[in-house]
Amino acid sequence: MSEATTPLYEVFIRPKAGLSHKHVGSLHACDDDMALHMARDVYTRRAEGVSIWVVRSDLIAASDPVDKDMLFEPTASKIYRHPTFYDVPDDVGHM
Amino acid sequence: MDVVAAIEDDLFAYALMLGDSALVLSHRLSEWSGFGPTLEEDIALSNMALDLIGQARLCLDYAGKVEGRGRDEDALAYLRDDNDYRNLLICEQPRGDFAVTMVRQLFYAGFMQPCFASLMASRDSTLAAIAAKAEKEMAYHLRHAGEWVIRLGDGTAESHTRTQRALDEMAIYVAEFFTVSAVERRLADAGIAPDPLALRAPFENSITPILKEATLIVPSFAGGQYGGKNGRHGEHLSRLLGEMQVLHRAHPGATW
Amino acid sequence: MYAQALDQKDRSPVIAEDPVRLERFEARCTAEDKIEPKDWMPDAYRRTLIRQISQHAHSEIIGMQPEGNWVTRAPSLRRKSILLSKIQDEAGHGLYLYSAAETLGVSREELSEQLLSGKAKYSSIFNYSTLTWADMGAVGWLVDGAAIMNQIPLCRCSYGPYARAMIRICKEESFHQRQGFEIMHTLAKGTVAQKAMAQDALNRWWWPCLMMFGPPDQASQHSDTSMRWKIKRFSNDELRQKFIDAMVPQARFLGLDIPDPELRFNEESGHWQTGAIDWSEFRRVLAGDGPCNRQRMRVRRQAEDEGIWVRDAARAFAAKRAARRQAAAIAAE
């Protein structure tokens with residue numbers, strides 16, 4: 001008989017003050033408290049962070065890769081949203 | 001001059017007490033490497049062992065310097081016999097199951113966290129600096145072990161039984177925390193080390209709510225075994241040191 | 001080493017894949033695009049990856065044992081800290097890799113069961129014994145050195161979660177080989193007994209380490225597809241040669257002899273050439289007849305079994321607490 005499974009958590013770490021949390025990996029834990037502790041022990045052994053988020057993997061809503069073109073292609077043509085689209089004469093200086 | 005020498009002897013003995021307890025307990029924790037109940041906890045146990053080896057190295061290094069006879073951390077760790085070790089008896093007890101390990105860690109950290117917190121105000125700046133680092137580590141061990149003891153005590157019938165048994169087994173080594181050796185008395189009077197008696201209330205204040213939440217029967221910590229601070233140990237320490245020191249002693253004078 | 005999985009026969013029935021999807025998938029691989037968990041992938045790709053990643057993970061976990069053998073006897077406190085943190089890293093790497101395998105739809109518990117039942121393999125190098133402290137040097141210097149050769153190309157593996165795990169692992173592992181070399185170096189310039197210990201370790205580990213790269217290319221079975229799918233980038237022989245060329249000068253620097261009377265530098269190819277590898281030993285160890293195969297599995301099983309009541313308790317407590325919180329929330333309404 002297979003042992004009961006333990007929930008999977010995703011771990012996000014803020015590498016230093018001022019930066020946003022970044023996904024670093026996963027782990028198994030029975031509840032949120034345990035997941036936070038384990039995340040500290042597993043993912044910050046080399047002083048990688050100052051703050052941890054954990055969230056159960058099954059609670060994350062994700063976009064479907066099938067929809068990738070529909071969702072993300074249309075913005076590729078809207079280059080006027082980027083500053084480099086615009087010509088500003090060099091002598092104007094930094095803008 | 002004599003006063004300074006006396007204080008130095010006491011400082012040496014006290015640094016050994018702190019260092020030996022950390023070293024011997026780290027040895028027991030390191031016996032879990034590869035045997036943790038989950039991969040995640042295996043890593044956590046090694047982290048605690050590494051914290052303690054780090055503390056042991058700082059304390060033994062300082063002891064060697066205070067002694068001034070050229071003994072470094074390794075000479076003190078590897079070339080002393082059990083009756084020269086000054087660790088608390090609880091540290092040398094066999095690894096046991098995970099409940100024993102967590103209860104022991106809870107007791108040890110429950111005592112050492114307030115001990116280091118108080119030692120941070122020591123008139124000895126080296127001890128104060130070691131304590132500042134170690135206090136945070138002990139606070140984490142206390143939290144980690146505390147959560148496990150609650151989980152195990154209030155988990156299944158089996159885990160409850162095992163944890164209550166571990167609690168009763170380990171409880172007999174708690175009284176020793178609060179015995180006051182002559183060294184500790186003099187250092188406390190000199191403002192260098194905390195008075196162990198003053199650590200009893202903070203210990204009980206942090207331990208008791210955890211044990212209650214864990215639905216465990218809080219044992220009486222009165223009586224029990226002591227002697228470690230004076231070099232009188234149980235049967236296990238000699239074996240532990242035999243294993244730890246075997247290679248180092250087989251090659252006298254070698255560097256590694 | 002860890003790519004041994006690629007050399008095993010895939011016995012699962014071949015599923016006829018949709019040719020259009022398959023073509024699109026292969027084009028993505030060729031273009032060095034990364035495949036992510038929810039992307040379409042051929043069944044054989046998924047199976048190959050599960051097999052390789054889990055074998056890699058199992059190797060990390062079983063690999064903790066030969067080094068764990070010396071933790072309590074490490075000859076200095078500095079070495080003890082290093083060794084313990086290295087073994088701890090291996091547990092971490094096993095964990096990262098299990099997580100990567102789990103994205104392919106298999107649970108950690110299933111993977112663990114496959115290891116314990118003998119269905120899944122791990123690198124056969126870990127079936128050798130660690131008899132002296134010098135073996136801690138040899139394992140770091142040679143075994144981890146060989147592992148790194150394999151693992152660096154895996155950082156560019158087409159499967160995103162595996163590649164990302166490997167990047168983290170390679171970053172963390174960078175100290176592993178160095179500390180092994182440092183141990184060997186200290187022993188080699190130490191006492192006569194220490195130097196003899198180092199030489200003995202090299203004698204015992206050299207050939208098994210060459211075998212870690214798997215059978216010679218002519219005998220390897222899976223490589224073509226794996227190369228096309230960008231799971232594997234170099235052949236066993238290429239990686240083995242790279243390893244030999246890197247190690248020979250290092251052994252000379254240490255003043256140690258590689259246990260191979262036929263070893264010579266081939267001026268023409270610019271590579272070191274070794275004598276013949278005894279592949280019968282490799283097959284024997286792989287088949288279960290190495291010095292420690294049974295012991296490694298017994299110890300792993302023991303660790304799993306002793307942890308059952310703890311894991312049960314953690315799950316039971318989490319369920320109780322969740323129920324209590326729910327009851328409290330209802331009561332508050």
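Looking at an unreviewed UniProt entry, chain C carries the name 1,2-phenylacetyl-CoA epoxidase subunit A, with the source organism given as Candidatus Raskinella chloraquaticus.

Chain A appears in an unreviewed UniProt entry as 1,2-phenylacetyl-CoA epoxidase subunit B from Candidatus Raskinella chloraquaticus.

Peer 1: Just to check I follow, could you spell out the overall build of chain A for this structure?
Peer 2: Scanning chain A from N- to C-terminus turns up 2 helices and 3 strands. The C-alpha radius of gyration computed for chain A amounts to 21 Å, which surpasses the reference 12 Å derived for 95 residues by more than 25%, pointing to a less compact arrangement than a globule. If one aligns the C-alpha atoms of chain A with their principal axes, the spans along those axes are about 70 × 35 × 15 Å. Each of the 95 residues in chain A was classed as buried or not, and the buried ones make up 26%. Sequence separation of at least 24 residues holds for 43% of the intrachain contacts in chain A that already meet a minimum separation of 6. In chain A, 10 side chains carry a positive charge and 15 a negative one; their mean positions are 6 Å apart.

Peer 1: What should I look at first to understand the packing of helix α8 (residues 192-211) of chain C against helix α10 (residues 236-254) of chain C in this one?
Peer 2: When two helices pack together, their arrangement is captured by the angle between the axes and the distance separating the axes. Residue and element names in this part refer to chain C. With their axes 10 Å apart at the nearest point, α8 and α10 run at an angle of 160° to one another. Considered as vectors, α8 and α10 are oriented roughly antiparallel to each other. Crossing hand, α8 versus α10: right-handed. Here Leu 202, Trp 206, Cys 209, Leu 210 and Met 211 of α8 lie close against α10, whose contacting residues are Arg 240, Phe 243, Ile 244, Met 247 and Ala 251.

Peer 1: So what exactly am I meant to see when it comes to the interface of chain B and chain C here?
Peer 2: Interface size is commonly expressed as the accessible surface area that is lost when the partners come together. Listed per partner, the contact involves 47 residues of chain B and 47 residues of chain C. Of the roughly 4000 Å² buried between chain B and chain C on both sides combined, carbon and sulfur atoms contribute 67%. It is Phe 35, Leu 39 and Trp 256 of chain B in chain B that bury the most area against chain C; as a group they hold 18% of the surface buried on that side. For the interface between chain B and chain C, the tally reads 4 salt bridges. Across the pair Arg 95 of chain B and Glu 306 of chain C runs a salt bridge, and its minimum N-O distance is 3.7 Å. Viewed at the interface, chain C and chain B are joined by 15 residue pairs in polar contact (both at pLDDT 80 or more). Counted by class, the side of chain B that touches chain C contains 21 nonpolar, 13 polar and 13 charged residues.

Peer 1: What exactly am I supposed to notice about the sheet that holds strand β1 (residues 8-14) of chain A here?
Peer 2: Working definition: the strands of a sheet are paired by backbone hydrogen bonds and lie parallel or antiparallel to each other. Residues and elements named next belong to chain A. Taking strand neighbours across the sheet as the criterion, the 3 strands line up as β2-β1-β3 in an open arrangement whose pairing is antiparallel. Of all the strands in the sheet, just β2 (22-28) and β3 (51-56) have a single pairing partner and so form its edges. Across the sheet, the axes of successive neighbouring strands diverge by a mean angle of 30°, strand direction being ignored. Bridging between β1 and β3 involves 6 bridges; their strand directions are antiparallel. Counterpart to Glu 10 in the pairing with β3 is Val 55.

Peer 1: What is the right way to read empty space enclosed by the protein from this model?
Peer 2: Empty space among the atoms becomes apparent when a probe as large as a water molecule is rolled across them. All names here are of chain B. Within the structure shown, the criterion is met by 6 cavities of 30 Å³ or more. In this structure, the largest cavity encloses a volume near 140 Å³. Around the largest cavity sit 15 residues that line it, and Met 17, Leu 18, Phe 111, Met 112 and Glu 184 are the ones nearest its centre. Breaking the lining of the largest cavity down by element, the ones donating at least two residues are α1 (2-30) and α5 (98-119).

Peer 1: Sorry, what's going on with the interface of chain B and chain A here?
Peer 2: Residue-level contacts link 11 residues of chain B with 11 residues of chain A. Run the count over chain B and chain A and you get 0 salt bridges. Joining chain B to chain A, the criterion identifies 5 residue pairs in polar contact (both at pLDDT 80 or more). Taken together, the residues of the side of chain B that touches chain A break down into 4 nonpolar, 2 polar and 5 charged.

Peer 1: Whenever I open this one, the packing of aromatic side chains confuses me. Can you help?
Peer 2: For any pair of aromatic rings, geometry is given as the distance between the ring centres together with the angle between the planes. Under the counting rule described, the total for this entry stands at 26 aromatic pairs over all chains. Ring geometry for Tyr 43 of chain A and Tyr 96 of chain C: centres 5.4 Å apart, planes at 20°, overall stacked. Here the residue Tyr 43 of chain A occupies a position in helix α1 (residues 32-43), and Tyr 96 of chain C occupies one in helix α4 (residues 77-102), the pair thus bridging two chains. By relative accessible area, which is 4% here, Tyr 96 of chain C ends up buried. Pairing Phe 178 of chain B with Phe 203 of chain B gives two aromatic rings, centres 5.5 Å apart and planes at 65°, and the pair type is edge-to-face. Highlighted residues: Phe 178 of chain B in the loop between α7 (157-171) and α8 (182-189) and Phe 203 of chain B in helix α9 (residues 200-213), separated in sequence by 25 residues. Accessibility assignment for this pair places Phe 178 of chain B and Phe 203 of chain B in one class, buried. The aromatic ring of Tyr 85 of chain B is capped on one face by Arg 80 of chain B, whose charged end is 4.3 Å from the ring centroid. Sitting over the face of the ring of Phe 234 of chain C, Lys 242 of chain C holds its NZ or CZ atom 5.0 Å from the ring centroid.

Peer 1: Help me out: how do you make sense of helix α5 (residues 108-116) of chain C in this one?
Peer 2: An α-helix turns once per 3.6 residues; consequently, residues spaced three or four apart project the same way. The element α5 of chain C is largely enclosed, with a buried count of 7 among its 9 residues. Three or more residues of α5 of chain C are buried, namely Arg 108, Glu 109, Leu 111, Ser 112, Gln 114, Leu 115 and Leu 116 of chain C. Turning to α5 of chain C, the residues buried within the fold contact β2 of chain A, α2 (39-67) of chain B together with α2 (43-62), α4 and α12 (293-332) of chain C. In the stretch just after α5 of chain C, Gly 118 of chain C is the one whose phi turns positive, near 85°.

Peer 1: Help me understand the layout of surface pockets, please; the structure alone is not making it clear to me.
Peer 2: When its volume is computed, the largest pocket comes out at roughly 1800 Å³. Taken together, 46 residues make up the lining of the largest pocket; nearest its centre are Glu 36, Pro 37, Lys 38, Pro 161 and Arg 164 of chain C. Tallying contributions element by element places helix α7 (residues 160-188) of chain C first for the lining of the largest pocket, with 7 residues. Approximately 630 Å³ is the volume found for the second largest pocket. Taken together, 34 residues form the lining of the second largest pocket, with Glu 3 of chain A together with Glu 109, Ser 112, Glu 304 and Arg 311 of chain C sitting closest to its centre. Contributing elements (two or more residues each) for the lining of the second largest pocket: α1 of chain A, α2 of chain B together with α5 and α12 of chain C. Per-element accounting of the lining of the second largest pocket gives the leading share, 10 residues, to α12 of chain C. For the lining of the second largest pocket, the class distribution of residues is 17 nonpolar, 6 polar and 11 charged. When residues of the lining of the second largest pocket are assigned to domains, at least three map to each of domain 1 (3-279) and domain 2 (291-332) of chain C.

Peer 1: Can you walk me through the nonpolar core in this structure?
Peer 2: Residues Phe 107 of chain B together with Trp 133 of chain C are the most contacted members of the largest nonpolar core, which totals 198 residues. If you count residues domain by domain, this core takes at least three from each of domain 1 (3-279) and domain 2 (291-332) of chain C. Not counting chain neighbours up to four residues away, the residues in contact with Trp 133 of chain C comprise Leu 247 and Trp 256 of chain B together with Trp 70, Ala 74, Pro 75, Arg 79, Leu 83, Ile 183, Leu 187 and Met 197 of chain C.

About the cut-offs
Throughout this document, residue positions are counted from 1 along each chain, in the order its sequence is written. To label them, take the chains in the order written and letter them from A, then take the ligands in the order written and number them from 1. pLDDT decides what is reported in this predicted model: residues at 70 or higher carry local features, side-chain atom pairs at 80 or more are listed and counted, and totals for whole chains, interfaces and linings draw on all residues regardless. To get the side-chain values, take all heavy atoms of the structure and skip hydrogens and water. Each helix is a run of DSSP H or I of at least 4 residues and each strand a run of E of at least 2, with the numbering of both proceeding from the N terminus. Radius of gyration: over C-alpha atoms. The globule rule applied is 2.2 Å multiplied by the number of residues raised to the 0.38 power. Burial here depends on accessible area, computed with a 1.4 Å probe over protein chains only, as a share of the maximum for the residue type. Under 20% is buried, over 50% is exposed, and the range in between is partly exposed. By definition in these notes, contact holds between two residues if any of their heavy atoms fall within 4.5 Å. Asp and Glu are treated as the negative residues and Lys and Arg as the positive ones, with His and the ends of the chain left uncounted. Lysine's charge is taken at NZ, arginine's at CZ, aspartate's at CG and glutamate's at CD. Axis lines are fitted through C-alpha atoms, for helices just across the contact stretch, and the angle between N-to-C directions can take any value from 0 to 180 degrees. Under this scheme an angle from 65 to 115 degrees is roughly perpendicular, one under 35 degrees roughly parallel, and one over 145 degrees roughly antiparallel; angles in between are oblique. By convention, the crossing between two helices is left-handed when the near helix turns anticlockwise from the far helix through less than a right angle, and right-handed when the turn is clockwise. Two parts placed together each lose some accessible area; with a 1.4 Å probe, that loss summed over both constitutes the buried area. By salt bridge we mean one thing: a side-chain nitrogen of Lys or Arg within 4 Å of a carboxyl oxygen of Asp or Glu. Within 3.5 Å is the distance limit for a polar contact, defined as a pair of N or O atoms, with the added protein rule that one can donate a hydrogen and the other accept it, and that residues adjacent in sequence qualify only through two side-chain atoms. Residues are grouped as follows: nonpolar covers Ala, Val, Leu, Ile, Met, Phe, Trp, Tyr, Cys and Pro; charged covers Asp, Glu, Lys and Arg; every other residue, Gly included, is treated as polar. Note on pairing: DSSP must find at least two bridges between two strands before they are called paired. A 1.4 Å probe that fits but cannot get out identifies a cavity on a 1 Å grid over protein atoms alone, an open set with protein on both sides within 12 Å along at least five of seven lines counts as a pocket, and a residue lines either if it has an atom within 4 Å of a point. Grid points are joined across faces, edges and corners, and a volume is the space filled by probe spheres set on the points. For this analysis, a ring pair means two rings from Phe, Tyr or Trp (six-membered ring only for Trp) whose centres lie within 6.5 Å, classed as stacked if their planes differ by under 30 degrees, edge-to-face if by over 60, and tilted for the remaining angles. The criterion is that NZ of a Lys, or CZ of an Arg, lies within 6 Å of the ring centre and within 35 degrees of the ring normal, and then a charge sits over that ring. The start and end points of each domain follow an automatic or database-based domain assignment. Residues grouped as a nonpolar core are buried Ala, Val, Leu, Ile, Met, Phe, Trp, Tyr and Cys residues, joined through side-chain atoms within 4.5 Å.

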